Amino acid sequence: MLYPEYYAKHGADRNDLLGNAEVVFQTFAIDIANIAALRRLDLDRSSAKVLDVGCGGGTSLLQFIRLGFDAGNLSGVDTSAERIEQARHLLPAVELRVESADHLAYPDGTFDLVFESTMLGTLSSDVLLKGIAREMIRVTRRGGYVMLADWRYSRRGSGVETAMSKKRIAELFDVGRSTSVVARHRGALVPPVGRRLSRLLPSLYFLVQALVPPAVGQMTTVLRKS
């Protein structure tokens, strides 16, 4: 199930921070994991070139700007022309393209960091997944980073078609040869648990995240290109 079908089923406000208390701490947890991962990387925020693969409406790119990255060095690609147009209104200084992530038009080694957030898990085609992973590695410079913020479990009806587990990431991104793991940080809880805690018992959210590792559904993984 891809995002248009997901929102058609669950409603347009499903992930609205102001309109849906269930998603607030889920979003905080993903943001915290991403920030913790970025702290560990040897990147100059004033000059680092960053590509967001499957950037959607630009929310993740906006976070990079909030964290001090130069908007002029940021790029994003998405297959949805509508979402790219939304991102252009939000982020006029960012380079944004309607482009398929398995056939990127950028030269080899263009970026210091190539990032994706909850995009790979929406895809069920093994051929497409392998193509995207190959392209993400290709456009990353040697010694640069690939950062994956995705779900490690799949669940029927959730929009997550393919679990981005440790094993799946290792297979797709040729860990041990083309890349090596730099960091893994716990993010959002599995939605049935995380959404309920976020709405009903937010004070317990990060306690559960720390004490019950299997309840963590989303991980942020950083790979370094060999």
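Our structure's up above, just so we're on the same page.
Quick look at the structure, then. (Residues numbered from 1 in each chain as written. Predicted model: local features only at pLDDT ≥ 70, side-chain atom pairs only at ≥ 80, totals over all residues. Heavy atoms only, no water.)

### Notes on the nonpolar core
Membership of the largest hydrophobic core comes to 25 residues, with the highest contact counts inside it found for Leu41, Phe64, Phe69, Leu113 and Val222. Sort the elements by how many residues they give to this core and strand E5 (residues 140–151) lands first, with 3 residues. Among residues more than four places away in sequence, those in contact with Phe69 are Leu38, Leu43, Arg45, Ala48, Val50, Phe64 and Leu74. Within the second largest apolar cluster, 24 residues are counted, among which are Leu51, Met119, Leu120 and Val146. (Core = buried A, V, L, I, M, F, W, Y, C linked by side-chain atoms within 4.5 Å. Buried < 20%, exposed > 50% of the residue type's maximum accessible area, 1.4 Å probe, protein only. Helix = DSSP H or I, 4+ residues; strand = E, 2+ residues; numbered from the N terminus. Contact = heavy atoms within 4.5 Å.)

### Digging into helix H2 (residues 24–39)
Spanning 16 residues, H2 covers 23 Å between terminal C-alpha atoms, matching the ideal 22 Å at 1.5 Å per step. Taken as a whole, H2 has its buried residues at Val24, Gln26, Ala29, Ile30, Ala33, Asn34, Ala37 and Leu38. (Expected span 1.5 Å × (residues − 1).)

### Description of helix H5 (residues 126–138)
Its 13 residues give H5 an end-to-end C-alpha distance of 18 Å, which sits within 8% of 18 Å, the value for a rise of 1.5 Å per residue. Here H5 has its buried residues at Leu129, Gly131, Ile132, Ala133, Glu135, Met136 and Ile137. Its buried side turned inward, H5 meets strand E1 (50–53), strand E4 (111–117), E5, helix H6 (166–172), strand E6 (179–186) and strand E7 (218–225).

### With respect to the packing of aromatic side chains
Each aromatic ring pair is described using two quantities: the centre-to-centre distance and the angle formed by the ring planes. With the rule as written, the count across this model stands at 7 aromatic pairs. Measuring from ring centre to ring centre gives 5.8 Å for Phe25 and Tyr205, while their planes differ by 40°; the resulting arrangement is tilted. You can see Phe25 sitting in helix H2 and its partner Tyr205 sitting in helix H8 (residues 205–211), a full 180 residues away along the chain. The interplanar angle of 80° and the centroid separation of 4.9 Å between the aromatic rings of Tyr106 and Phe111 together place this pair among those described as edge-to-face. The exposure class of Phe111 is buried, given its relative accessible area of 3%. It is Arg97 that lies over the ring of Tyr106; its NZ or CZ is 4.0 Å from the centre. (Phe/Tyr/Trp six-rings, centres within 6.5 Å; stacked < 30°, edge-to-face > 60°. Lys NZ or Arg CZ within 6 Å of the ring centre and 35° of its normal.)

### Here we look at the pairing of E7
Among the 8 residues of E7, 7 are classified as buried, and the element is accordingly described as predominantly covered. Both E5 and E7 contribute to a ladder of 7 bridges, which runs antiparallel. Of the residues in E7, the one forming a bridge with Ala149 is Thr220. Note: E6 against E7, 7 bridges, orientation antiparallel. Bridging across to E7, Ala183 finds its partner in Val222. (Pairing = 2+ DSSP bridges.)

### Section: the pattern of salt bridges
Side-chain pairs of opposite charge can arise whenever the charged atoms involved come near each other. The final tally for this structure, using the stated rule, is 11 salt bridges. Residue Asp108 is joined to Arg138 by a salt bridge in which the shortest nitrogen-to-oxygen separation is 2.7 Å. Taken as a pair, Asp108 in the loop between strand E3 (95–98) and E4 and Arg138 in helix H5 lie far apart in primary sequence, 30 residues in all. Overall, Asp108 belongs to the exposed group, its relative accessible area being 59%. Note on Arg138: relative accessible area 21%, which makes it partly exposed. Through salt bridges that share partners, Asp126, Lys130, Arg168 and Glu171 make up one connected network. (Salt bridge = Lys/Arg side-chain N within 4 Å of Asp/Glu carboxyl O.)

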